[in-house]
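# Inside the fold
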Amino acid sequence: MKDVVNLAGLTEPELISFAETLGEPAYRGRQIFAAMQHRRLRSFDQMTDLPKAFREKLSEQATVATLTLESRYLSEDGTRRYLMKTNDNLPVETVFIPEERRDTICFSSQSGCPLQCTFCLTAQLGLLRSLSSGEIVEQIIFALNDAYGPGVKVPRGVNLVGMGAGEPFLNFDPLMKALRIMANPEGLFIVPNRVTISTAGIVPRIQELATIADRPHLAISLAAPTDELRDELMPINKRWPLEELLAACKEFEKSLKPGERFTFEYVMLDGINDSDQHARQLANLLNRHGLSAKVNLIPHNPADPLPYLPSHPERVESFKALLESKGIHAFVRQPRGRDIYAACGQLAARREKLILPQLDENRNQDRKAAFPI
Ligand code: SF4
């Protein structure tokens, strides 16, 4: 395919410059930005407010959508997983999670992942490549259009979580640019305050994130309370061990806004990291660093060939109670979309489970025409 610019990855000022290089006035750039990011159009043909000749010129040099849908899966709990592919045929997965108060979209920052967390299916793909800003933004546009209808106003706003495939902080600059594009009030208008990025613990990027005024929330995937166990479960720990990681978290705490807390994610693996002793070690670790974070306990999502089982619900409750008895706020996160390989740590481009035969026609008549899948 000819090398064309993906306009979904350009900020509004960049699009204005782009329009000007094509001999067009600045407002054309703003029009294209709004068409993509506000009306969520995914082709120049749909931008009928632009002159036809200009649309033709644009199509020769640029595109507004590079990801194509390969399959779409629906969980019993309403979660949707989209398996898309890039121009160069690499898998990209995005998950839409309907919730009572506000829906959530979980996006990927890389195709595959270079980190080798042993409880995660994505690790088995290895790193295929990092995604561009445009490919990150496109995932959100796609999921919103599918869930609510193309361009239809999002009823209650959405939350974004960067917890899909990949380590977001190994793709830091494109990710931050994508968040800036999505925050624009003339576009998607999803502000950083609605976004949480989860890292396995890339310490320099945690430090860098703390210096960014308009930054998203931070979550750290911990999985173990000791270096010995964490080295085994999350080998990135050998590069940035717990003491260094938690010192960076403590430093990050200074950048927290009133009422903001960051989160530790703790995957619960039966018989591996879920004993009372582990709970005490975890509480002591966080208390020793004076961190007033909350801990999300995530029962492991089993998937062949991962060697783990989820902790028993009673074990999870005891673990939680022990943390709370030591002053740590702990929550149990219910798994979503397990049956379609959409839950935490399950994204590995699996081509299984039911494929929706068609979209829900009741919500929006135009949806099928725009997304004939
Ligand atoms: S848990 Fe996250 S960082 Fe670890 S291998 Fe999976 S996708 Fe990568």
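## Comments concerning the nonpolar core
- Membership of the largest hydrophobic core comes to 98 residues, with the highest contact counts inside it found for L7, F119 and F264.
- For this core, the element with the most residues is helix 4 (residues 133-148), which contributes nine residues.
- Aside from chain neighbours lying at most four places away, what touches L7 is L15, F18, I32, M36, F44, L58, A62, T63 and V64.

## Digging into helix 6 (residues 203-210)
- Listed as buried for helix 6 are V203, I206 and L209. Projected onto a plane normal to the axis of helix 6, the buried residues spread over an arc of 120° and lie on a single side.

## Looking at the side chain of E265
- Residue placement: E265 occurs in strand 12 (residues 263-268).
- Here R333 takes part through its side chain, which lies 3.0 Å from a polar atom of the side chain of E265.

## Examining the pairing of strand 12
- Counting buried positions along strand 12 yields six of six residues, so the element is predominantly enclosed.
- Burial of strand 12 is two-sided: the residues T263, E265 and V267 facing one way and the residues F264, Y266 and M268 facing the other way are all buried.
- Where strand 11 (residues 217-221) lies against strand 12, three bridges are found, and the strand directions are parallel. Note that in strand 12 the partner of S221 across the bridge is E265.
- The sheet contact formed by strand 12 and strand 13 (residues 294-299) spans six bridges and is parallel. The partner of F264 across the bridge, within strand 13, is V295.
- For the segment spanning strand 12, helix 9 (residues 276-288) and strand 13, crossover handedness is right-handed.

## Some thoughts on the confidence of the model for the protein chain
- Mean pLDDT for the protein chain: 89, with 91% of residues reaching 70 or above.
- Below a pLDDT of 50 lies the segment residues 354-373, which in the model reaches 38 contacts outside its immediate sequence neighbourhood of four places, other chains included.

## Comments concerning the site of the ligand
- Neighbouring residues of the ligand: C113, L115, C117, C120, T122, A123 and G166.
- The residue inventory of the shell around the ligand, partitioned by class, reads five nonpolar, two polar and no charged.

## What about the packing of aromatic side chains?
- On inspection of all chains with the given rule, the structure shows six aromatic pairs.
- Taken together, a centroid distance of 5.8 Å and an interplanar angle of 80° make the contact between F96 and Y148 edge-to-face. Placement of F96 in strand 5 (residues 91-97) and of Y148 in helix 4 is noted, with a sequence separation of 52 residues between them.
- Here F96 falls in the buried class, since its relative accessible area comes to 4%.

About the cut-offs
- Residues numbered from 1 in each chain as written.
- Predicted model: local features only at pLDDT ≥ 70, side-chain atom pairs only at ≥ 80, totals over all residues.
- Heavy atoms only, no water.
- Core = buried A, V, L, I, M, F, W, Y, C linked by side-chain atoms within 4.5 Å.
- Buried < 20%, exposed > 50% of the residue type's maximum accessible area, 1.4 Å probe, protein only.
- Helix = DSSP H or I, 4+ residues; strand = E, 2+ residues; numbered from the N terminus.
- Contact = heavy atoms within 4.5 Å.
- Arc of directions from axis to C-beta.
- Polar contact = N/O pair within 3.5 Å; in protein donor to acceptor, adjacent residues only side chain to side chain.
- Pairing = 2+ DSSP bridges.
- Right-handed = clockwise from strand over helix to strand, strands pointing away.
- pLDDT = per-residue confidence, 0-100.
- Near = heavy atom within 4 Å.
- Nonpolar A, V, L, I, M, F, W, Y, C, P; charged D, E, K, R; others polar.
- Phe/Tyr/Trp six-rings, centres within 6.5 Å; stacked < 30°, edge-to-face > 60°.

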